[in-house]
Amino acid sequence: MNSFRHRRRLLVGLPALSVLIAAAAGCSSTDDTPAVSVPSPDAKVTGLCRDLHGLLPQKIDGLERNDPEPRSELTAAWGSPAIILRCGVPWPDAAAKKGSMPATVDEVEWVVEELKDGSQQMTTGSRLAYVEVTIPKGQVRQGGAGPLVDLAGPIKKAIPKGIAD
């Protein structure tokens, strides 16, 4: 009789345990994963971006890698809120360039734009593939160059100087 009671408690306890496990799994896995649109460059630029992806660091500006969805060799992210990198983007349009400032960080040229929400968006210049880095307002630090310093080396190695088509 005692074993029947234990089996009954076990049978009643399993569904409750399953609900708890499912709830915990649903809350923890992808809540901090950023979402981003993936660029669609030509084959030459895609190859350069894949080379860059293989060289990207696991940390930038002290923030851990937190790659966005959908997964792609053309995108990467660090921290939460995430600093987002997209490789193979088009050159910023004329309106964006009007309100932008040029900057050079460790021999990599950037066009820096202040966005309306307080975030910063930087796009490389003078490279065969354009790389865009967006730093959300919550991650913009004094001067904002920390992530660019950490990304300069991989960009110089993977993407030669020149003008992207």
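This text goes with the structure placed above it.
The rules behind each value
- Residues numbered from 1 in each chain as written.
- Predicted model: local features only at pLDDT ≥ 70, side-chain atom pairs only at ≥ 80, totals over all residues.
- Heavy atoms only, no water.
- Core = buried A, V, L, I, M, F, W, Y, C linked by side-chain atoms within 4.5 Å.
- Buried < 20%, exposed > 50% of the residue type's maximum accessible area, 1.4 Å probe, protein only.
- Helix = DSSP H or I, 4+ residues; strand = E, 2+ residues; numbered from the N terminus.
- Contact = heavy atoms within 4.5 Å.
- Polar contact = N/O pair within 3.5 Å; in protein donor to acceptor, adjacent residues only side chain to side chain.
- Phe/Tyr/Trp six-rings, centres within 6.5 Å; stacked < 30°, edge-to-face > 60°.

Residues Leu52, Leu85, Trp110 and Val133 are the most contacted members of the largest nonpolar core, which totals 28 residues. Elements with a minimum of two residues in this core: α2 (43–55), β3 (75–78), β4 (83–87), β6 (108–114), β8 (131–135) and α4 (146–158). Here this core gets five residues from one element, more than from any other, and that element is α4. Look past the residues within four positions of Leu52 in its chain and what remains in contact with it is Leu85, Cys87, Val131, Pro154, Ile155, Ala158 and Ile159.

Within the secondary structure layout, Glu73 lies in the loop between β2 (63–64) and β3. Excluding anything up to four places from it in sequence, Glu73 contacts Cys49, Arg50 and His53. Among the polar contacts made by the side chain of Glu73, one reaches the side chain of Arg50 at a distance of 2.8 Å.

So, about the packing of aromatic side chains. Taken as a whole, this structure holds one aromatic pair when the rule is applied. When the ring of Trp91 is compared with that of Tyr130, the centres are 5.0 Å apart and the planes differ by 45°; the resulting orientation is tilted. Taken as a pair, Trp91 in the loop between β4 and α3 (94–98) and Tyr130 in the loop between β7 (120–124) and β8 lie far apart in primary sequence, 39 residues in all. A relative accessible area of 31% means that Trp91 is categorised as partly exposed. We classify Tyr130 as buried; its relative accessible area is 9%.

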